[in-house]
Structure formats: C-alpha cells, structure tokens
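Each chain, letter by letter, is given below.
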Amino acid sequence: MRLSVRHSTRYTYDEPVAHGLIRLRMRPKPTHGQHVVEWTMNLDGARMETEFDDHHSTHVALVSIVPGVPVLEITCSGIVETADRSGIVGPHIGCMPLWAFARQTTITRPGPRMKALIAACQPQHDDRLAMLHTLSQTTLAEAAYETGHTSVGTTAEEALTAGRGVCQDHAHIFIGCARALGVPARYVSGYLMMDDRIDQEATHGWAEAHIDGLGWVGFDVSNGISPDARYVRVATGFDYRDAAPVTGLSWGGGKAALAVTLAVEQQAAQQ
C-alpha cells in the first residue's frame, strides 16, 4: 500500500520564547514491510541542530526554537510504502538488548488491578501468541476506549482502574501485563490510515511483543487487530515517553496553544 502522510504541529505562545530545545520523532522507520519513498520536514520558528538514530533505532531531529518567536510550526510530509505482514515485524535488531524490554517502567508497572488481569490471562498451554491475543482482547474489554479522561502521564494501572483510556493507555496496559507474563514488549507510535476519514486529530499508538520464532509482533489493542498495511511505524520505546512525536523543554513563552493537523490517505499505485 502506498500511503501519503501530512502532519503539522503548531504551538502559539502568548509570550516570546527565550530558549527551547525539542526532540522530534516523526520520520517513519525503514523496516520490514515498510519503505520510506520520500519524507520532508519544514520548520517555522525553529532551526535544525542535529539528527541521529537513538538507542531504539528511531530517527530523532533535535531542533532549537528561535528566541522571541510567537509561533512554532513543524510540518512533515511524505510517502511510505507498506505491506500487510499480519502484524509480524520480524527479528529483533539494533543495539538495545532484547532483555531490556522485559523490565517495567513507572508507567507500565502493574498494580493490583493489572495483576488480576495478568492472572486471568495466564496461558493454559505454551502458546504465547494465543495468550497475547487474549490479553489484547481482555484489555479492551476492561478499559473501554474513551477520550478526555487520561493524559500522557496516566499510568497503565490508573487507566485500567478507571476502566477507560485511549490507544496510549491500552498499549501501556498490554505492555505491562506482557512483561509480567515473561514476554518482552515495547511501545510503538506512528500513523494509521482510517477507513472512514482522511483528517485526524492525533498520531496512533500500539504495542509489540517478542515471540520466539516470529520476532516482534504488533497488537493494536484499541482496534482489536494486529497492524496491517494501513499502519506506518515511526518510533519505538519502552513506553510512550521514548516514542512521543514531540518532547523537549523551553524557557519563557508563557502558555502555549497546541494545534495538530494530520492527514493519512492511500495513493494510487504508480504505473
């Protein structure tokens, strides 16, 4: 599938910014079943300082905010070719050892509610793939998809206890439970082409778990499926904090109004 992506993030400050550094994780990964045909990033109100691939093999652009600007806008666009691999990404590669993905973070660490969910998903036989699909289904059943109730700081235990959350929360619950069940797991952020619309309000998030013989396998808990050709992988990490599209710090600027526009659509195949 040939997907066209346009992603714009705009910050409007009510006071001039004195200084700021921002990490941008917006360039899709060149990986199994995914080829980046073209990708551009335009900055208005910031300048590029350096680019590198981090310890998760995610491309990072480090940019500085131009002092005194009232508006910062980051616009990325490009074309990515994807294939349906039934959610299978493949063998683990990169400098980060596989065992590192078995450890919990402050966001994924299970509490009493997650431990009860883990107990309910214990495998009856040695079929980890079936166990993980059960975990995905049970997570969604126990935490309904509802916006406006959680934030980027909400832990997996808090979201499950509340019984509601968004894709980020579903991924964190799944990751924390999978790790407790002895399965390495990681967070993925990226883009998803929706079947009913082109324009969206935010990027998407899902989980991947490592299964012997298959490698990394994706689980989109919120949609109840494994990722297919409609998904574009951009960043991976131990949790959302490692894979967030925009992170950083700034001095001055007062309050900032954030506006995000995102469009993902299929392009006709080239002749």
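Our structure's up above, just so we're on the same page.
Residues numbered from 1 in each chain as written. Predicted model: local features only at pLDDT ≥ 70, side-chain atom pairs only at ≥ 80, totals over all residues. Heavy atoms only, no water.

## Comments concerning the overall build of the protein
Definition in use: Starting at the N terminus, helices and strands are each numbered in turn, a helix being any DSSP run of H or I of at least four residues and a strand any DSSP run of E of at least two. Our radius of gyration looks at C-alpha atoms and nothing else; its globule reference is 2.2 Å times the residue count to the power 0.38. Each residue gets one of three labels from its accessible area relative to the maximum for its type: buried under 20%, exposed over 50%, partly exposed in between, using a 1.4 Å probe on protein chains only. Each accessible area is a Shrake-Rupley result for a 1.4 Å probe, and residues are judged covered by the shown protein chains and nothing else. Neither His nor the chain termini are counted; the positive set is Lys and Arg, and the negative set is Asp and Glu. Charged groups are reduced to one reference atom each: NZ for lysine, CZ for arginine, CG for aspartic acid, CD for glutamic acid.
Along the backbone of the protein there are five helices and 16 strands. Relative to the globule expectation of 18 Å for 271 residues, the C-alpha radius of gyration of the protein, 19 Å, shows essentially globular dimensions. Counting over 271 residues, the protein shows a buried share of 49%. On the protein, roughly 12600 Å² of surface is accessible, and the fraction owed to carbon and sulfur atoms is 52%. The averaged location of the 29 negative side-chain charges in the protein is 5 Å from the averaged location of its 22 positive side-chain charges.

## Regarding the packing of aromatic side chains
Let me state the cut-off plainly: Between the rings of Phe, Tyr and Trp (Trp by its six-membered ring), a pair exists once the centres lie within 6.5 Å; its type follows the angle of the planes, with under 30 degrees stacked, over 60 edge-to-face, and the other angles tilted. Think of it as a cone above the ring: NZ of Lys or CZ of Arg counts as a charge over the ring if it is within 6 Å of the ring centre and within 35 degrees of the ring normal.
A complete count under the given rule lists seven aromatic pairs for this structure. Ring pairing ties together the aromatic residues Phe101, Trp216 and Phe238, which thus form one cluster. For arginine 103, the ring lying beneath its charged end belongs to phenylalanine 238, and the centroid distance is 4.4 Å.

## Concerning the sheet that holds strand β6 (residues 71-82)
Hydrogen bonds between backbone atoms are what pair the strands of a sheet, whose relative direction is either parallel or antiparallel. Short version of the rule: Strand pairing requires that DSSP identify at least two bridges connecting the strands.
The strand order β3-β6-β1-β16-β11 describes an open sheet built from five strands, whose pairing is antiparallel. On the outer flanks of this sheet lie β3 (34-44) and β11 (199-200), each paired with one strand and no other. Bridge analysis of β3 against β6 gives ten bridges, and the strand direction is antiparallel. For threonine 40, the partnering residue across the bridge sits in β6 and is serine 77.

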